[in-house]
Amino acid sequence: MPFMTVASSADSSAPQTSARTWAAEVRVPGAATACALIDLEALAHNARVLASKAGRAWMAVVKADAYGHGIEAVARTCLDAGASWLGVAQLDEALHLRGLLDAAGVARPRSADEPASSQAPRLLCWLVPVLSPQQAAREGSPLWEALAGDLDLSVSTLTQLQAVRVAARAQGVVARIHVKVDTGMSRAGAVLEDLPALAREARAAQDAGEVDVVGLWSHLSRADEPDSGSTEDHLARFRRGEQILNQAGLHPGVRHLSATGGLEWHPHARLDLVRIGIGLYGFSPEPAVATSQELGLRPVMRLQAPLVQVKRIPAGQAVSYGGTWSAPTDRWVGLVPLGYGDGIPRAAASTGPVWVAGRRTTVVGKVCMDQVVIDLGPATDAAGSPLPAPAAAGDRAIVWGDPDRDGEGVPTAEDWARVCSTISYEILTRLGPRVPRVPVG
Ligand SMILES: *Cc1c(COP(=O)(O)O)cnc(C)c1O
């Protein structure tokens, strides 16, 4: 498939690499600065593993720039791996994605009822802006653009439905909508009490040729607690919501409820379509339930940077703002050119794991905006004799990656999540725009 730019960024003289030997052999032109290598083979592997488990149509969730991995290469790889849907939250993300796909020659579905396929994928956007009817009817409004972009839109409220109807009428097209029912998360979606009115209006809009109610959907709030009974409650409400739509004469063919956690741990909630996010990027939604290795997934991103300085500091010397860490002995320390301005959490002070010179160490002292200091070990032995520096300026530090691919002991984004009391999702998506994403493979 001709997709805009992303050729392999690996040095063409390097031998073709398998995922297992990637670390040793890939040479990245941008390696003089920090970069995030995106292992498209690992991504394709994860997609195959998850798709075969799903056994039905699947959506690659590529919101937030594909969880920080770069939407273009990720979308292309997922389509190649059989995704027939792509999903994003924001309308601007969806329009950007449509532009990339158009430029790459990826077809749009030819007709309103052509089923989604990886050759002509459907794009779903689920955070549609609130517009007045006047705004919605205006040429060039966000909804106008959405319909011109052949996007599928989520609708939770009468206000949203009204705006979509007006935009569709003004444009003379039929809007494809997915009615969202709130099955227990209390985030987006119509609660069951409000659903009959929404369903009636949607039916009227469908009869008027303004919308086509193609989908019914919701989202699980506790899929990562398989024994909580929560998903059964969600499913019961989903079924009730479906009855309400049926009573209004609507029979949406694409019912979807599950993200990665639902796919993995609630097979009965897979329905017609699963929306896969974190698993594609190589992580478990909840490592306490099953680790990414147990799920057969491989981390896709490797965040790395060359050390920009290595030096010796004396015992007792404080490091970084506030002097919160002091060298316990004469010490070698290294400077990594990544900081909270790049998404490295400040919560990782003196704990964030980093791999350098064949061993694992940590950030010492506070995380700065653009840089962190890491410990490289003692600078003198027990007898007080000097020890050589274990690493030199220019040596590569790996902040997170895949231990199987990048070297035993390499930390993962999950390890960072643990020390920062957060989840791998946040570690990945907060990686900032200063860090170039370099697709490989
Ligand atoms: C983010 C998101 C997903 C993907 O969730 P994962 O846990 O990353 O698989 C699916 N559906 C919706 C509505 C989402 O917001």
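Residues numbered from 1 in each chain as written. Predicted model: local features only at pLDDT ≥ 70, side-chain atom pairs only at ≥ 80, totals over all residues. Heavy atoms only, no water.

**Details of the site of the ligand**
Then step 1. For the ligand, the set of nearby residues contains 13 residues, the closest of which are Lys63, Tyr67, Thr260, Ile278 and Tyr425.
Then step 2. The contact in question runs from an oxygen atom of the ligand to an N or O atom on the backbone of isoleucine 278, over 2.7 Å.
Then step 3. Taking 390 Å² as the accessible area of the ligand by itself, protein coverage stands at 93%.
Then step 4. Here the residues of the shell around the ligand sort into seven nonpolar, three polar and three charged. (Near = heavy atom within 4 Å. Polar contact = N/O pair within 3.5 Å; in protein donor to acceptor, adjacent residues only side chain to side chain. Areas by Shrake-Rupley, 256 points an atom, 1.4 Å probe, with all protein chains shown as cover. Nonpolar A, V, L, I, M, F, W, Y, C, P; charged D, E, K, R; others polar.)

**Side note on the domain arrangement of the protein chain**
Then step 1. Looking at the protein chain, the domain boundaries give domain 1 (40–295) and domain 2 (301–439).
Then step 2. One C-alpha centre belongs to domain 1, the other to domain 2; they are set 39 Å apart.
Then step 3. Listed as interface residues are 15 residues of domain 1 and, on the opposing side, 12 residues of domain 2.
Then step 4. Summing the contributions of domain 1 and of domain 2, the shared interface buries around 1,100 Å²; its carbon and sulfur component is 67%.
Then step 5. If you look at where domain 1 meets domain 2, you find zero salt bridges.
Then step 6. On inspection of domain 1 and its partner domain 2, the count reaches one residue pair in polar contact (both at pLDDT 80 or more).
Then step 7. Of all the secondary-structure elements, those providing two or more residues to the side of domain 1 that touches domain 2 are α2 (40–54) and α3 (63–68).
Then step 8. Tallying contributions element by element places α3 first for the side of domain 1 that touches domain 2, with three residues.
Then step 9. A breakdown of the residues in the side of domain 1 that touches domain 2 according to their chemical character gives 10 nonpolar, five polar and no charged. (Domains from an automatic or database assignment. Contact = heavy atoms within 4.5 Å. Buried area = accessible area lost by both parts, 1.4 Å probe. Salt bridge = Lys/Arg side-chain N within 4 Å of Asp/Glu carboxyl O. Helix = DSSP H or I, 4+ residues; strand = E, 2+ residues; numbered from the N terminus.)

**Some points on the packing of α2 against helix α4 (residues 71–80)**
Then step 1. Two numbers describe how α2 lies on α4: the axes approach to 9 Å, and their chain directions differ by 45°. In terms of their interaxial angle, α2 and α4 are classed as oblique. As α2 packs across α4, the resulting crossing turns out to be right-handed. Between α2, through Leu40, Leu43 and Ala44, and α4, the contact on the second element is made entirely by Ala73, Val74, Arg76, Thr77 and Cys78.
Then step 2. In terms of residue class, the contact of α2 with α4 is built from six nonpolar, one polar and one charged. (Axes fitted to C-alpha atoms, helices over the stretch in contact; angles between N-to-C directions. Parallel < 35°, antiparallel > 145°, perpendicular 65-115°, else oblique. Left-handed = near helix turned anticlockwise from the far one by under 90°.)

**Comments concerning the side chain of serine 156**
Then step 1. Here serine 156 lies in the loop between β5 (151–155) and α8 (158–171).
Then step 2. Take serine 156: its relative accessible area is 10%, and that puts it in the buried class.
Then step 3. Among the polar contacts made by the side chain of serine 156, one reaches the main-chain amide nitrogen of glycine 189 at a distance of 3.1 Å.
Then step 4. Setting aside residues no more than four positions away along its own chain, serine 156 makes contact with Lys180, Ala188, Gly189, Ala190 and Leu198. (Buried < 20%, exposed > 50% of the residue type's maximum accessible area, 1.4 Å probe, protein only.)

**Description of α2**
Given 3.6 residues per helical turn, the α-helix brings residues three or four places apart onto the same face.
Then step 1. Along its 15 residues, α2 runs 20 Å from first to last C-alpha, staying within 8% of the 21 Å computed at 1.5 Å per residue.
Then step 2. Within α2 the residues assigned to the buried category are Leu40, Ala42, Leu43, Ala44, His45, Asn46, Ala47, Leu50, Ala51 and Ala54.
Then step 3. Residue aspartate 39 occupies the N-cap position of α2, its side-chain oxygen lying 3.1 Å from the main-chain nitrogen of glutamate 41.
Then step 4. One or two positions beyond α2, positive phi appears at glycine 55, with a value near 60°. (Expected span 1.5 Å × (residues − 1).)

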